[in-house]
Amino acid sequence: MPRDPLIGLVGKPSAGKSTTLNSLTDATSKVGNYPFTTIDPQRAIGYLQIACACERFGVQDKCKPNYGSCVDGRRSVPIELLDVAGLVPGAHQGRGLGNKFLDDLRHADALIHVVDASGRTNAEGENTRGYDPSQDIAWLRGEIVAWIKGNLWEKWGQFSGYGSTAAVVARTLDRLNLKEPLEHWTEETVDRVVSTFTDEKFPTVIALNKIDDADAYTNLMKITKMQDPNMVVACSAKAELFLRKMAKQGYIRYTEGTEFVDTREDLIADGDPDGGGLKELDEKNKNTIEEYRDMILFRYGSTGVVQVLSKAAEILGLVPVFPVRNVSTFSSGSDTKVAFRDCVLVKKNSTVGDVARKVMGDAPIAYVEGVGGVRVSEDAVVTAGKNDVLSFKIGRG
Ligand SMILES: Nc1nc2c(ncn2[C@@H]2O[C@H](COP(=O)(O)OP(=O)(O)OP(=O)(O)O)[C@@H](O)[C@H]2O)c(=O)[nH]1
Ligand SMILES: [Mg+2]
């Protein structure tokens, strides 16, 4: 059965992986300003923001997700994240927590490389100043490639050890357009195969973290010029974590993924004498919010963390699919006043049959209905806006 997508957080020690995980989830992965705070991998559920089908059919007011939420067609869908131990140069040979860390990543479908853009930690995650974080992007990828290659030599042909499918291997070879038969491959050919396989298996978003730090800006400019700008997102996990915490405790109003933060004072100034019922902030927290507004929200439009996750989903080509019982009311059961309870995320190129197996397991499917009651073939590919609202009819056809 197709697995749920899993997104792994990688990076050197102290880059902010656990802070990123915590800011995207309700997890409390241990955070510390010393290397190797995290040793055991932590899984947690984050929420990916997507455009919900309810908007397309004008039933926003009936949309009640079983998991996550939906506000005016912006839906938060659960997605699994994995926080692992930090990686240092030489990890594939066992340095730091090396191989163990890498093995934890096997089942990830995409990676978020959390980079400390402030330059205040070196390659080992130790405190310094003026370190060039663009180096981390190169060596970290090198470590992953070397790890895969090492395993490959050990168990030649066992690409499957990475939780990869025949399809990933086939796409890798396809992309390389290799004509040489396997027995003629040189080490150089193997390197090319492994490098391309790495890109297929672990598409990676670069999260340039700690943009709240004054030193980050120059590094950011430099890295954005060097990398595919479409793969880079600037963020501050610390700011996102702080804003979510303050909102939860009733001190501010904050819409995740946006630049909108309101304090009690702001709402009073806007004419609400009750200040939205928010609590009064102390001086220190008030200053922190002011600072984040200036340094991050005003400059970048958001803390960037929600966007990091969206970008990972985008490069993975995740498609939200809405299984319903009834393709006219979009309900899931007898209660026709509730629409689009369920949403599953599937990888690009998934077929209606793949979704059926994921949602229905082994139950025999007689036929599948799409919007308008039309029959949809199990071989049809699901994409956003097409074949993405489906009703699976059980029975032996
Ligand atoms: N200024 C700033 N500091 C941050 C940010 N994110 C994390 N930090 C700090 O960086 C330090 C390391 O954060 P962690 O989240 O523990 O880093 P990690 O990558 O999980 O580290 P290991 O588990 O040791 O590999 C902590 O002191 C955090 O508070 C950020 O956005 N801005
Ligand atoms: Mg950690």
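Values in this document were obtained by computation on a predicted structure and should not be read as measured data.

(A) Geometry of the pairing of strand β12 (residues 365-369). With four bridges joining them, β12 and strand β14 (residues 389-394) adopt antiparallel strand pairing. Within β14, the position partnered with Ile 365 by the bridge is Ile 394. In terms of strand pairing, β12 meets strand β13 (residues 375-376) through two bridges, oriented antiparallel. Following the sheet pairing, Glu 369 is matched in β13 by Arg 375. Turn length for the β12-β13 hairpin, with the two strands adjacent in sequence and antiparallel, is five residues, and the turn residue Gly 372 shows positive phi of about 85°.

(B) Up close: unusual backbone geometry. Its identity is not glycine, yet Ser 14 carries a phi of approximately 65°, on the positive side. With respect to the helices, strands and loops of the structure, Ser 14 is situated in the loop between β1 (6-10) and α1 (17-24). The buried category is assigned to Ser 14, whose relative accessible area is 15%. Not every positive phi belongs to a glycine, and Phe 340 is a case in point at roughly 50°. Within the secondary structure layout, Phe 340 lies in the loop between β10 (319-323) and β11 (344-346).

(C) Region of the structure containing the domain arrangement of the protein. We note that the domain assignment places domain 1 (6-41 + 84-235 + 309-315), domain 2 (237-303) and domain 3 (322-394) within the protein. Computed from C-alpha coordinates alone, the two centres of domain 1 and domain 2 are separated by 33 Å. Taken together, both faces of the contact between domain 1 and domain 2 bury some 1100 Å²; the carbon and sulfur share is 61%. For domain 1, the biggest contributors to the area lost against domain 2 are Ser 23, Ile 211 and Asp 212; these three give 50% of the whole. Where domain 1 meets domain 2, there are zero salt bridges. Across the contact surface, domain 1 and domain 2 share two residue pairs in polar contact (both at pLDDT 80 or more). Here the side of domain 1 that touches domain 2 takes five residues from α1, the largest share from any one element.

The rules behind each value
- Residues numbered from 1 in each chain as written.
- Chains lettered and ligands numbered in written order.
- Predicted model: local features only at pLDDT ≥ 70, side-chain atom pairs only at ≥ 80, totals over all residues.
- Heavy atoms only, no water.
- Pairing = 2+ DSSP bridges.
- Helix = DSSP H or I, 4+ residues; strand = E, 2+ residues; numbered from the N terminus.
- Buried < 20%, exposed > 50% of the residue type's maximum accessible area, 1.4 Å probe, protein only.
- Domains from an automatic or database assignment.
- Buried area = accessible area lost by both parts, 1.4 Å probe.
- Salt bridge = Lys/Arg side-chain N within 4 Å of Asp/Glu carboxyl O.
- Polar contact = N/O pair within 3.5 Å; in protein donor to acceptor, adjacent residues only side chain to side chain.

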